[in-house]
Amino acid sequence: MNRRRPLIGIPADRRLLEPHPFHCVGEKYISAVADAAGGMPLLIPVLATPLPPAQVLPGLDGLFLPGSPSNVEPQHYGDGPSKPGTLHDPHRDRTSLPLINAAIEAGVPLLAVCRGLQEVNVARGGTLWQHVEEQPQYHDHREDKTQPLEVQYGPAHDVLLESGGLLRRLAGRERVTVNSLHAQGVKQLAGGLAVEARADDGLIEAFSVIGAPAFAVAVQWHPEWQVMQNDFSKALFAAFGDAARERAETR
């Protein structure tokens, strides 16, 4: 008998595609959930009046928070205004931030990537650097947008995986090479989160939720990119998918 694919919710971005707003999720994220996690992707709309988490989560076996060109609005972590021209998505903020906390508390497995990592840190009470490249202690972690996608998403730097962490166990080694396509980053890590990986400049690149009843991991890089060609990325999504299947079979 075929096992049912776990239903994995993915909050959308609200994007203006002239002249109308659309709710969008990048295909690479949807494909990674389907192919590497073995899940059934379900796109969650981000409405002006957000869908209540209590009505969304009971139908889900997992929650995946994808990256996005937009940034979390700084008002959510007590920082000053963004630079002019910064892309924000208040609809996604209003949907994702409460959904994150409710999912963790309800034991819904969670995996977050790039903007998703930043959302989790903010939802749990942490803060962000709006421009990591302006901080003298850190490197410039942005991609070169003039280059082809294969170069932008290519290997950029190593991260050191924390001893005893979940990512170290999945990788089977202390360092992995990742891509790097972000301007924002973790400034103050929220309480209750444990560092899983750091870049060579010390910037937090991954964390997990301490004591979470289910899988709850966030990474700053983009493991969804060509996921089936990267053993570590496949292992990360597979672990998330396994947790989602466990929930599907027990609820």
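Residues numbered from 1 in each chain as written. Predicted model: local features only at pLDDT ≥ 70, side-chain atom pairs only at ≥ 80, totals over all residues. Heavy atoms only, no water.

Peer 1: Would you take a moment to explain the sheet that holds strand S5 (residues 62–65) for this structure?
Peer 2: The strands that make up a sheet pair up through hydrogen bonds in the backbone, lying either parallel or antiparallel. Within the open sheet, the nine strands sit side by side as S4-S1-S5-S6-S13-S12-S11-S8-S9. Their pairing is mixed. Every interior strand has two partners, whereas the edge strands, strand S4 (40–44) and strand S9 (175–178), have only one. Across the sheet, the axes of successive neighbouring strands diverge by a mean angle of 20 degrees, strand direction being ignored. Bridge count between S5 and strand S6 (residues 110–113): three bridges; the pairing is parallel. Paired with Leu65 across the bridge in S6 is Ala112. Contacting strand S1 (7–11), S4, S5 and S6, helix H1 (residues 27–35) runs over the sheet at an angle of about 145 degrees to S4. (Pairing = 2+ DSSP bridges. Helix = DSSP H or I, 4+ residues; strand = E, 2+ residues; numbered from the N terminus. Axes fitted to C-alpha atoms, helices over the stretch in contact; angles between N-to-C directions. Contact = heavy atoms within 4.5 Å.)

Peer 1: Looking at this structure, I do not really get the nonpolar core. What am I missing?
Peer 2: Nonpolar side chains in soluble globular proteins generally cluster together in the buried interior. Formed by 33 residues in total, the largest nonpolar core has its most connected members in Phe64, Leu167 and Trp221. Mapped by element, the contributors of at least two residues to this core are S1, H1, S6, strand S8 (157–161), helix H6 (166–171), S9, strand S13 (216–219) and helix H7 (231–250). Of all the elements, H7 adds the most residues to this core, at seven residues. What Trp221 contacts, discounting residues up to four positions off in sequence, is Val113, Cys114, Val159, Leu167, Val178, Asn179, Ala197, Glu205, Ala206 and Phe232. Ile100, Leu117, Leu189 and Leu193 belong to the second largest nonpolar core, which has 30 residues in total. (Core = buried A, V, L, I, M, F, W, Y, C linked by side-chain atoms within 4.5 Å. Buried < 20%, exposed > 50% of the residue type's maximum accessible area, 1.4 Å probe, protein only.)

Peer 1: Would you take a moment to explain unusual backbone geometry for this structure?
Peer 2: The general pattern is negative phi for most residues beyond glycine and trans for most peptide bonds. Here Glu18 and Pro19 are connected by a cis peptide whose omega angle stands at 0 degrees. One can find Pro19 in the loop between strand S2 (13–17) and strand S3 (20–24). The residue Cys114 is not glycine, and still its phi comes out positive at about 55 degrees. As for its placement among the helices and strands, Cys114 is situated in the loop between S6 and helix H4 (115–123). We classify Cys114 as buried; its relative accessible area is 6%.

Peer 1: Where do I start with the pairing of S2 in this structure?
Peer 2: Successive residues of a regular strand alternate their side chains across the two faces of the sheet. Pairing geometry for S2 and S3, over five bridges, is antiparallel. Across the sheet, Asp13 pairs through a bridge with Cys24, a residue of S3.

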